[in-house]
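Structure assessment
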Amino acid sequence: MDGVITKKSNGKLGGKDLINIGIYAAIYCVIMTAISMLGFIPVLMPSLAVLCPLIGGITMMLFYTKVKKFGMITIITVLIGAFLWITGMGYWPFIFGIICGVVADLIAKGGNYASKKMTMLSHGIMNITIFGCFLPLYLDIDGYFASRTSYGSDYVNVLKTIFQPWTAPIILGGAFVFGVLGALLGMSFMKKHFEKAGIV
């Protein structure tokens, strides 16, 4: 017991923590990649802000049962943002990942990494990172697709119809709400794991 208390108060991330971050980040990125295939159908593009937080919530809740130290949620969110940047979604997800990751980490820490409510809220904030993928479509959709001519004008025109300024808060809010719902879904799947981890 003393070792556990010392480890938690130490607060330093160890090798096991970093391995867990890497494993779950990889799984989550695979899930996002699979879901993002729907984006090739322009009318389904906004659904990514719903499906990624919802379906990915199952994996992320298992990750949250491993989180006992500040920094783990921050790092995994930054890694997800970096992955989205590298795969062509622009640098905004990376920036959102840094901000949302730190805030999500602080929220979870506020519940001592043992509160279901704080975990749900943390996961909701974390998933706002996904909105960063859509921000370029609101800022300069023509410039965004200038080097992506393979999509065609019809595809871009449909997206212009969808990504009107008034839809921005809806998509951002959707990412948060379905992040919370995804956490709830994940908790229902991982009930035994949460009880074992002492998250109540």
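Above this note sits the structure.
Only a predicted model underlies this, so the values are computations on that prediction, with no experimental measurement involved.

Reading guide: rules and limits
- Residues numbered from 1 in each chain as written.
- Predicted model: local features only at pLDDT ≥ 70, side-chain atom pairs only at ≥ 80, totals over all residues.
- Heavy atoms only, no water.
- Patch = residues over 30% accessible without salt bridge, like charges linked within 9 Å, V, L, I, M, F, W, Y side chains within 5 Å.
- Areas by Shrake-Rupley, 256 points an atom, 1.4 Å probe, with all protein chains shown as cover.
- Salt bridge = Lys/Arg side-chain N within 4 Å of Asp/Glu carboxyl O.
- Helix = DSSP H or I, 4+ residues; strand = E, 2+ residues; numbered from the N terminus.
- Expected span 1.5 Å × (residues − 1).
- Buried < 20%, exposed > 50% of the residue type's maximum accessible area, 1.4 Å probe, protein only.
- Axes fitted to C-alpha atoms, helices over the stretch in contact; angles between N-to-C directions.
- Parallel < 35°, antiparallel > 145°, perpendicular 65-115°, else oblique.
- Left-handed = near helix turned anticlockwise from the far one by under 90°.
- Contact = heavy atoms within 4.5 Å.
- Nonpolar A, V, L, I, M, F, W, Y, C, P; charged D, E, K, R; others polar.
- Phe/Tyr/Trp six-rings, centres within 6.5 Å; stacked < 30°, edge-to-face > 60°.
- Lys NZ or Arg CZ within 6 Å of the ring centre and 35° of its normal.

1. Here's the deal with a nonpolar patch on the surface
Taken together, the side chains of Phe70, Trp85, Tyr91, Ile95, Ile98, Ile99, Val102, Val103 and Leu106 define a hydrophobic patch exposed on the protein surface, amounting to about 770 Å² of accessible area. The element that contributes the greatest number of residues to the nonpolar patch is helix α5 (residues 92-110), accounting for six residues. With respect to the helices and strands, the residue Leu106 is situated in helix α5.

2. Side note on α5
The terminal C-alpha atoms of α5 lie 27 Å apart, and with 19 residues this matches the ideal 27 Å at 1.5 Å per residue to within 8%. Those residues of α5 that sit buried are Pro93, Phe96, Gly97, Cys100, Gly101, Ala104, Asp105, Ile107 and Ala108. One or two steps after α5, the chain reaches Asn112, where phi turns positive at roughly 55°.

3. Describing the packing of helix α3 (residues 48-64) against helix α9 (residues 168-189)
In the contact formed by α3 and α9, the axes pass within 7 Å of each other and the chain directions differ by 30°. Comparing their axes, α9 and α3 come out roughly parallel. Judged by the twist between their axes, the crossing of α3 over α9 is right-handed. Counted together, Ala49, Val50, Pro53, Leu54, Gly57, Ile58 and Met61 of α3 and Ile171, Gly174, Ala175, Phe178, Gly179, Leu181, Gly182, Ala183, Leu185, Gly186, Met187 and Phe189 of α9 form the full contact between these two elements. For the contact of α3 with α9, the class distribution of residues is 14 nonpolar, five polar and no charged.

4. Describing unusual backbone geometry
One non-glycine residue, Asn112, adopts positive backbone phi at about 55°. Looking at where Asn112 falls in the secondary structure, it is placed in the loop between α5 and α6 (116-126). Judged by its relative accessible area of 59%, Asn112 falls in the exposed class. The phi dihedral of Tyr113 is positive, around 55°, even though this residue is not glycine. With respect to the element layout, Tyr113 can be found in the loop between α5 and α6. When its relative accessible area of 7% is taken as the criterion, Tyr113 is described as buried.

5. Quick look at the packing of aromatic side chains
Tallying each qualifying case throughout the model produces 10 aromatic pairs. The interplanar angle of 40° and the centroid separation of 5.3 Å between the aromatic rings of Trp85 and Phe94 together place this pair among those described as tilted. In this structure Trp85 comes out as partly exposed when scored by relative accessible area, which is 43%. Members of the aromatic cluster, connected to one another through ring pairs, are Trp85, Tyr91, Trp92, Phe94, Phe96, Phe131, Phe134, Tyr138 and Phe163. Over the face of the ring belonging to Phe70 we find Lys109, whose NZ or CZ atom lies 5.4 Å from the ring centre.

6. Considerations on the environment of Tyr151
Note on placement: Tyr151 falls in the loop between α7 (131-144) and α8 (153-162). With relative accessibility at 32%, the residue Tyr151 sits in the partly exposed group. Sequence separation between Tyr151 and Pro42 is 109 residues, and the spatial gap between their C-alpha atoms is 9.9 Å.

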